[in-house]
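A look at the structure
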Amino acid sequence: TGQMAASAMVSAWGGDVIVGTFPEGKLYKLAGGKTDGKEAAKFADLPETEDVWALAFDDKAKVLYAGTGPQGKIYKIDQAGKSQVYFDSDEAHIVSLALDGSGNLYAGSNGKALLYKLTGPGRAAILNDFDGDDVKAISVASDGSVYAIANKYTETFAPPKRNTTGQAGPTPSK
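If you're wondering where the values come from, they're calculated on a predicted model, not measured in any experiment.

Turning our eyes to something else, we now look at the pattern of salt bridges. Considering all chains together, one arrives at six salt bridges under this definition. Put simply, aspartate 16 and lysine 29 hold a salt bridge, and the shortest N to O gap is 3.9 Å. With a gap of 13 residues between them, aspartate 16 in the loop between β1 (5-11) and β2 (17-22) and lysine 29 in strand β3 (residues 26-30) connect regions that are remote in the sequence. With relative accessibility at 10%, the residue aspartate 16 sits in the buried group. Judged by its relative accessible area of 25%, lysine 29 is partly exposed. Among the ionic pairs, lysine 152 bridges to aspartate 131, the shortest N-O distance being 3.1 Å. Here aspartate 131 lies in the loop between β12 (123-129) and β13 (134-140) and lysine 152 lies in the segment after β14 (146-151), a separation of 21 residues in the sequence.

Shown next as structure tokens:
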């Protein structure tokens with residue numbers, strides 16, 4: 001991809017694999033899940049995005065969701081790669097996503113460790129405000145139970161940035 005790192009991946013439309021990256025917040029596609037010796041093709045740009053932290057594919061609605069930072073937005077992306085803001089949170093990063101059997105989207109944030117349930121564009125309820133810093137993973141069981149991993153860190157979270165100095169590794173101290 002030419003990006004610093006791949007940070008999220010999901011199987012989507014007919015077996016296409018979509019990969020999210022940082023620090024330039026782009027989406028790439030492996031058609032049919034294969035590379036055939038080629039690099040993944042750029043699939044979508046997400047405005048105001050540096051980090052794609054989570055991806056979820058709604059097989060019934062045939063749409064992709066991307067949890068991003070540093071604006072804390074969730075994008076809805078169609079098969080052609082057209083994106084639109086689905087939810088704009090007050091948090092800096094949406095780091096986890098999951099769907100239930102009814103198509104409800106769940107999202108976890110970094111900052112206040114909020115667990116959201118989204119029921120439509122721009123519509124969300126906070127299911128839990130954890131005593132932590134992020135909701136790193138969400139799983140929805142077949143009976144509708146929602147499970148989440150909330151972390152509390154001892155150090156401040158800062159996503160990695162691309163090294164533009166031309167030097168490999170950390171900059172030496174003088």
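With that settled, consider the sheet that holds strand β6 (residues 63-69). Here four strands make up an open sheet; going across it, the order is β5-β6-β7-β8 and the pairing antiparallel. At either margin of the open sheet sits one strand with a lone partner, and together these are β5 (51-58) and β8 (83-88). Ignoring strand direction, the axes of neighbouring strands in this sheet form an average angle of 25°. Where β6 meets strand β7 (residues 73-77), four bridges bridge the pair, whose relative direction is antiparallel. The residue of β7 that forms the bridge with tyrosine 65 is lysine 76.

Topologically, asparagine 104 is positioned in the loop between β9 (93-99) and β10 (105-110). Once residues within four sequence positions are removed from consideration, asparagine 104 is found in contact with Ala98, Leu99, Lys117, Leu118 and Thr119.

Now for the environment of leucine 114. Checked against the element boundaries, leucine 114 lands in strand β11 (residues 114-120). Leucine 114 sits 19 residues away from aspartate 133 along the chain, and the two C-alpha atoms are 8.6 Å apart. If near-sequence neighbours (up to four positions away) are discounted, leucine 114 is found in contact with Glu91, Ala107, Gly108, Ser109, Ile126, Asn128, Asp129 and Val135.

Next up on the list: the pairing of β9. Here β9 lies mainly inside the structure; six of its seven residues are buried. Where β9 meets β10, six bridges bridge the pair, whose relative direction is antiparallel. Across the sheet, the residue bridging to serine 96 is glycine 108, located in β10. Linking β9 back to β10 in an antiparallel pair, the connection comprises five residues, with glycine 103 at a positive phi of about 90°.

Rules of the game
- Residues numbered from 1 in each chain as written.
- Predicted model: local features only at pLDDT ≥ 70, side-chain atom pairs only at ≥ 80, totals over all residues.
- Heavy atoms only, no water.
- Salt bridge = Lys/Arg side-chain N within 4 Å of Asp/Glu carboxyl O.
- Helix = DSSP H or I, 4+ residues; strand = E, 2+ residues; numbered from the N terminus.
- Buried < 20%, exposed > 50% of the residue type's maximum accessible area, 1.4 Å probe, protein only.
- Pairing = 2+ DSSP bridges.
- Axes fitted to C-alpha atoms, helices over the stretch in contact; angles between N-to-C directions.
- Contact = heavy atoms within 4.5 Å.

In short, geometric facts, not functional conclusions.
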